[in-house]
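Each chain, letter by letter, is given below.
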Amino acid sequence: MAVPDSPPAEKPRRPSVFSDPHPAPNSLFGEILDWMLAPLLLVWPFSITVTYQVAVEIVDQVYDRVLVEHLGRALSGVRVTAAGVEVTLPPAQPAKTDDSESDSQFYQVALAEGELIAGEADLPPLKGGDVRTLGKTHFRDGQIQGEPVRIAYQLLPSPDDARPILVQAAETRNQRKALTSQIISSVLLPQFAIIPLAVVLVWLGLTRGLAPLTRLQERIRSRRPDDLSPIDLSTVPEELQPMISAFNQMMARLEDNLAAQQRFIAAAAHQLKTPLTGLKTQTELALRETDASQLKEYLRRIAAGVERASRMTYQLLNLARAEASHDVKQPMVRIDLESLVREVTIRYVPRALERNIDLGFEIQAKDQPMPWVSGVRVLLAEMIDNLIDNAIKYTPVGGTVTVRLIAAAQPVLEIEDTGIGIPVEERERIFERFYRTLGTDAEGSGLGLAIVREIADLHHIQIEIGDNPAGSGSLFRLTFPATLTSGG
């Protein structure tokens, strides 16, 4: 039985160059709304608690004044004489059974230690933390038969001054609770209407406040695809101007890059057109030729033209790859620089022998191992390849090319030749695309050193050009950044 092919694994999507490792909230409107309403909803329970405490204090102040009057009536019925204490208390007033908001009043006269003289026996005695100043009215809370009461009391001196006399007037808290509930209701009920209204007003305010963002979005969306002109900052809200300014700078860089790419494509098309035209001409001549020796010469020229076109195409692809590495960063790995340079140099030995050029490889270790470097191996190999190729190309037959590595905290690569040399005024221009030094018959596309500059910039390698200290020719010196210790 045939087994159906499994579906191909989906390739992981490469993150965009605009992707942010810390993504922002999906909705700015929702984020602002959350930060405005969340504190309001958190403060509301706190507001209810504070309102309740304030209401209790206000109600207690009102009813405590009435309770002081009750205590005054009880004090007026207490006479302390040398013979003893005479007490005439007002009658206790129980709450009405049909009225849940009516209060009961209780009176008591006792010794401070708790010995009852007259009145309600269930009134609690003083505790250790209660105030005991003689002759002043104080308040405390207590319970009578499980029901909370508010107590006003005063201590009177006894005939022998040994044990003060405690006079208390107590009142249940039904009316206080009712008034407190009424105050809370009067304050909180409007809030139930105010909070939804506040939400609606905040919503409308945010909608209107973010309207400039919507208009700006429409302006950007309505632009033509090729319109990279900057946005007028005078029409942008002040808070958005830094972001739009950065956006304008990005668009300017993008426009410069697109213009550079267009110039590059035009120049590349022009440079490729020349060898292709030559190939076409040589092919037409070869098709009409009947002489075998002349036909062989035409075929040799066609092969040389194909080689030049292939070399230029290969360099164009390498230049595009080096430029792409700036936008989509390739992984950097540890590279044995000595091994890499030796490997690339060996590839050019046959070509050097063909032209009778002495190609040498030197290492100046200075009693320390050669550091490894961090980079993209294929790009570094291409950079070294172009430099050696350029040195051999512009060195006459019988000349010398030396590839030298110098071990240091910042390793140095030198490529020295006995070629035609580079005038000082042209040493910057030789890195331009398709630029070639005048006065030489060496074939080339003018892309090799442009590739070298792109790869060097990507790896933060410093390039210097000088004269060959041994005589005629040039010296290219590449200084690598401080990198890794020897990898072994």
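Here the structure is a predicted model, which means the values were calculated and not measured.

Basis of the calculations
- Within each chain, residues carry numbers counting from 1 in the order of the written sequence.
- Reporting in this predicted model follows two pLDDT cut-offs: at least 70 for local features of residues, and 80 or more for side-chain atom pairs to be given and counted; totals over whole chains, interfaces and linings ignore these cut-offs and use all residues.
- Excluding hydrogens and water, the side-chain values take into account all heavy atoms of the structure.
- Helix and strand assignments follow DSSP, with helices taken as H or I runs no shorter than four residues and strands as E runs no shorter than two, numbered in order from the N terminus.
- Burial classes: relative accessible area under 20% of the type maximum marks a residue as buried, over 50% as exposed, and values in between as partly exposed (1.4 Å probe, protein chains only).
- In this description, contact between two residues means that some pair of their heavy atoms is separated by no more than 4.5 Å.
- Accessible surface area values rest on a Shrake-Rupley calculation with a 1.4 Å probe, where residue burial reflects the displayed protein chains alone.
- Pairs of strands are assigned from DSSP output, requiring at least two bridges between the strands.
- In these notes, a set of buried Ala, Val, Leu, Ile, Met, Phe, Trp, Tyr and Cys residues joined through side-chain atoms within 4.5 Å is what counts as a nonpolar core.
- Simply put, an axis is a line fit to the C-alpha atoms, just over the touching stretch for a helix, and the angle between two N-to-C directions goes from 0 to 180 degrees.
- By definition, a salt bridge exists where a carboxyl oxygen of Asp or Glu is found within 4 Å of a side-chain nitrogen of Lys or Arg.
- Oblique is the label for any angle not covered by the other classes, which are roughly parallel (under 35 degrees), roughly antiparallel (over 145) and roughly perpendicular (65 to 115).
- Two helices cross in a left-handed way if the nearer one is turned anticlockwise from the farther one by less than a right angle. They cross in a right-handed way if the turn is clockwise.
- Charged residues are taken to be Asp, Glu, Lys and Arg, nonpolar residues to be Ala, Val, Leu, Ile, Met, Phe, Trp, Tyr, Cys and Pro, and polar residues to be all remaining types, Gly included.
- Each residue after the first adds 1.5 Å to the expected span of a helix.
- Stacked, edge-to-face and tilted labels apply to pairs of Phe, Tyr and Trp rings (six-membered ring for Trp) whose centres lie within 6.5 Å, assigned for plane angles under 30 degrees, over 60, and everything in between, in that order.
- Counted as over-ring charges are cases with an Arg CZ or a Lys NZ within 6 Å of the ring centre that also lie within 35 degrees of the ring normal.
- Within a predicted model, pLDDT stands for the predictor's per-residue confidence, ranging from 0 to 100.

### With respect to the overall build of the chain
Point 1. Counting its regular elements, the chain contains nine helices and 14 strands.
Point 2. Burial statistics for the chain: of 488 residues in total, 35% are counted as buried.
Point 3. Put simply, 64% of the contacts in the chain that link residues at least 6 apart link residues at least 24 apart.
Point 4. When the accessible surface of the chain is summed, it comes to about 29,900 Å², and 57% of that surface belongs to carbon and sulfur atoms.

### Remarks on the pairing of strand 5 (residues 137-144)
Point 1. Residues His138, Arg140, Gly142 and Ile144 of strand 5 are buried on one face, while the alternating residues Thr137, Phe139, Asp141 and Gln143, pointing to the opposite face, are not.
Point 2. For strand 5 and strand 6 (residues 147-156), the ladder comprises eight bridges, and the chain directions are antiparallel. From the neighbouring strand, Phe139 faces strand 6, where its bridge partner is Ala152.
Point 3. Between strand 5 and strand 6, which follow one another and run antiparallel, lie two residues, and Gln145 among them has a positive phi close to 55 degrees.

### Here's the deal with the nonpolar core
Soluble globular proteins tend to bury their nonpolar side chains together.
Point 1. Counting 42 residues, the largest nonpolar core has Leu380, Met383, Phe476, Leu478 and Phe480 as its most contacted members.
Point 2. Where this core is concerned, the elements lending two or more residues are helix 6 (337-347), helix 8 (377-393), strand 11 (400-406), strand 12 (412-417), helix 9 (448-458), strand 13 (462-467) and strand 14 (474-479).
Point 3. It is helix 8 that contributes the most residues to this core, nine residues altogether.
Point 4. Excluding anything up to four places from it in sequence, Leu478 contacts Met383, Leu387, Pro411, Val412, Leu413, Ile461, Gln462 and Ile463.

### Focus: the environment of Phe139
Point 1. As for its placement among the helices and strands, Phe139 is situated in strand 5.
Point 2. Residues Phe139 and Leu67 lie 72 residues apart in sequence; the distance between their C-alpha atoms is 9.5 Å.
Point 3. Discounting chain neighbours no more than four positions away, the residues touching Phe139 are Asp64, Leu67, Val68, Arg150, Ile151, Ala152 and Tyr153.

### Remarks on the sheet that holds strand 14
Point 1. Read across the sheet, five strands follow the order 9-11-12-14-13 without closing on themselves; strand pairing throughout is mixed. Two strands in the sheet have a free side with no partner beyond their single neighbour: strand 9 (358-364) and strand 13. Going from strand to strand, the sheet's axes swing by 15 degrees on average, the running direction of each strand aside.
Point 2. Helix-sheet contacts for helix 8 involve strand 11, strand 12 and strand 14, and the interaxial angle to strand 12 is about 20 degrees.

### Thoughts on the pattern of salt bridges
Point 1. Tallied over the entire structure, the rule returns 21 salt bridges.
Point 2. In this structure, Asp60 engages Arg173 in a salt bridge whose closest nitrogen and oxygen atoms are separated by 3.0 Å. Linking Asp60 in helix 1 (residues 28-76) with Arg173 in the loop between strand 7 (165-172) and helix 2 (174-209), this pair joins segments that are 113 residues apart in sequence. Each member of the pair, Asp60 as well as Arg173, is classed as buried.
Point 3. Linking Arg351 and Asp389 is a salt bridge whose minimum nitrogen-to-oxygen distance equals 2.2 Å. Note that Arg351 is positioned in helix 7 (residues 349-354) and Asp389 in helix 8, a separation of 38 residues in sequence.

### Overview of the packing of helix 6 against helix 8
Point 1. The contact between helix 6 and helix 8 brings their axes to 10 Å, and the two run at 45 degrees. Relative to helix 8, the element helix 6 is oriented oblique. Two packed elements cross with a definite hand, and for helix 6 against helix 8 that hand is right-handed. Contact residues: Leu340, Val341, Glu343, Val344, Thr345 and Arg347 in helix 6; Arg377, Leu380, Ala381, Ile384, Asp385 and Ile388 in helix 8.
Point 2. Among the residues making up the contact of helix 6 with helix 8, the classes are represented as seven nonpolar, one polar and four charged.

### Some remarks on helix 8
Point 1. Under the 1.5 Å per step criterion, the end-to-end length of helix 8 is 24 Å for 17 residues, consistent within 8% with the ideal 24 Å.
Point 2. In terms of burial, helix 8 is a largely internal element, 15 of the 17 residues being buried.

### So, unusual backbone geometry
Point 1. Although it is not a glycine, Asn356 sits at a positive phi angle of roughly 55 degrees.
Point 2. Relative to the elements of secondary structure, Asn356 occurs in the loop between helix 7 and strand 9.
Point 3. Here Asn356 falls in the exposed class, since its relative accessible area comes to 55%.
Point 4. The phi torsion at His460 lies on the positive side, around 60 degrees, for a residue other than glycine.

### Description of the packing of aromatic side chains
Point 1. Within this structure, the stated rule accounts for zero aromatic pairs.
Point 2. In this structure, Arg140 packs its charged tip against the face of Tyr153, placed 5.4 Å from the ring centre.

### Observations regarding the confidence of the model for the chain
Point 1. Across the chain, the average pLDDT comes to 79, with 81% of residues at 70 or higher.
Point 2. Predicted confidence is poor over residues 1-21, with pLDDT under 50, and the contacts of this stretch with residues over four places away or in other chains come to three contacts.

### Some words on the sheet that holds strand 5
Point 1. One open sheet holds the five strands; their spatial order is 4-3-7-6-5, and the pairing between them is antiparallel. Edge positions in the sheet fall to strand 4 (116-119) and strand 5, since each has one partner strand and no second. When the angles between neighbouring strand axes are averaged without regard to direction, this sheet yields 25 degrees.

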